[in-house]
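# Structure assessment
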Amino acid sequence: MNHLGTVTLETERLVLRKTLEDDYEPMFRNWANDERVTHFLTWPPYKSAEELKNSYHKYLLESQKKPDFYDWKIVWKQSGEPIGSIGTVKLNEDIEGVEIGYCIGYNYWHKGIMSEAFSRVIKFLFEEVGVNRICAEHDPNNPHSGDVMKKCGLSYEGTSRQSGKNMQGICDVSRYAILREDYFKDA
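Predicted model, so just to flag it, every value in this text is computed and none were measured.

The rules we used
- Residues numbered from 1 in each chain as written.
- Predicted model: local features only at pLDDT ≥ 70, side-chain atom pairs only at ≥ 80, totals over all residues.
- Heavy atoms only, no water.
- Helix = DSSP H or I, 4+ residues; strand = E, 2+ residues; numbered from the N terminus.
- Buried < 20%, exposed > 50% of the residue type's maximum accessible area, 1.4 Å probe, protein only.
- Polar contact = N/O pair within 3.5 Å; in protein donor to acceptor, adjacent residues only side chain to side chain.
- Contact = heavy atoms within 4.5 Å.
- Pairing = 2+ DSSP bridges.
- Axes fitted to C-alpha atoms, helices over the stretch in contact; angles between N-to-C directions.

Tracing the backbone through its elements, the reader meets Asn 30 in helix H1 (residues 24-32). Given the relative accessible area of 16%, Asn 30 is considered buried. Of note is the side chain of Asn 30, whose polar atom sits 2.9 Å from the side chain of Glu 81. Setting aside chain neighbours within four positions, we find Asn 30 in contact with Glu 81, Pro 82, Ile 83, Gly 105 and Tyr 106.

See below:
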């Protein structure tokens, strides 16, 4: 793989970019404090912007210095501020594979924004980084997340019973994936 790190990507409505020093406030305001957003995620809503700044935000700022770290803030061009995030949650060099995780503020659900962002990330990872496999997982009780995966060309691979844990407890996990050969065959 040709690791490039989190480079700026753009779509018609979005800019996908690295985390900036002052992003913790819009991150908190737009999604990280909302239990509707974190309901099916693995972390609880943050109680304050300061808590976010001193933990996860600090981790992101440090980690994005690495060339094999991929995490984008999804910036809505209309407002100019981050409304969600998307990035690799697992990287497996042996199979040249990545697992993608994402979340977006409640006010931006059901507008095709996450599919737009994920499609752009897929293009970057296959065409520029050279990954072989991109996968993503979701709790089957959150079918809209699976809809994003299907819309972006990932194929359903199966559901593992009680193999994950999120804010609801132990849960089933549905997995979707797309391979480099699938992507370029359809391109």
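Spatially, the 8 strands line up as an open sheet ordered E1-E2-E3-E4-E5-E6-E8-E7, and their pairing is mixed. At either margin of the open sheet sits one strand with a lone partner, and together these are strand E1 (9-10) and strand E7 (155-166). Pairing of strand E6 (residues 133-138) with strand E8 (residues 169-179), which is carried by 6 bridges, proceeds in the antiparallel orientation. The residue of E8 that forms the bridge with Ala 136 is Tyr 176. Sitting on the sheet, helix H5 (residues 113-129) touches E1, strand E2 (14-17), strand E3 (71-76), strand E4 (81-92), strand E5 (97-104), E6 and E8, and the angle it makes with E5 is about 155 degrees. On the sheet, helix H6 (residues 143-151) packs against E5, E6 and E8 and is oriented at approximately 165 degrees with respect to E6.

Our focus in this paragraph is the pairing of E7. With 8 bridges joining them, E7 and E8 adopt antiparallel strand pairing. For Lys 165, the partnering residue across the bridge sits in E8 and is Ile 170. Linking E7 to E8, which pair antiparallel, is a turn of 2 residues.

Here the focus is the pairing of E6. In terms of burial, E6 is largely enclosed, as 5 of its 6 residues are buried. Bridge count between E5 and E6: 4 bridges; the pairing is parallel. Within the sheet, the bridge partner assigned to Ile 100 lies in E6 and is Ala 136.

Turning our eyes to something else, we now look at the environment of Glu 96. As for its placement among the helices and strands, Glu 96 is situated in the loop between E4 and E5. C-alpha of Glu 96 to C-alpha of Ile 134: the two residues are 38 residues apart in sequence and 8.9 Å apart in space. Sequence-distant contacts of Glu 96, defined by excluding residues within four places in its chain, comprise Met 1, Gly 130, Val 131, Asn 132, Arg 133 and Arg 180.

Treat this as a map of the structure, not an account of what it does.
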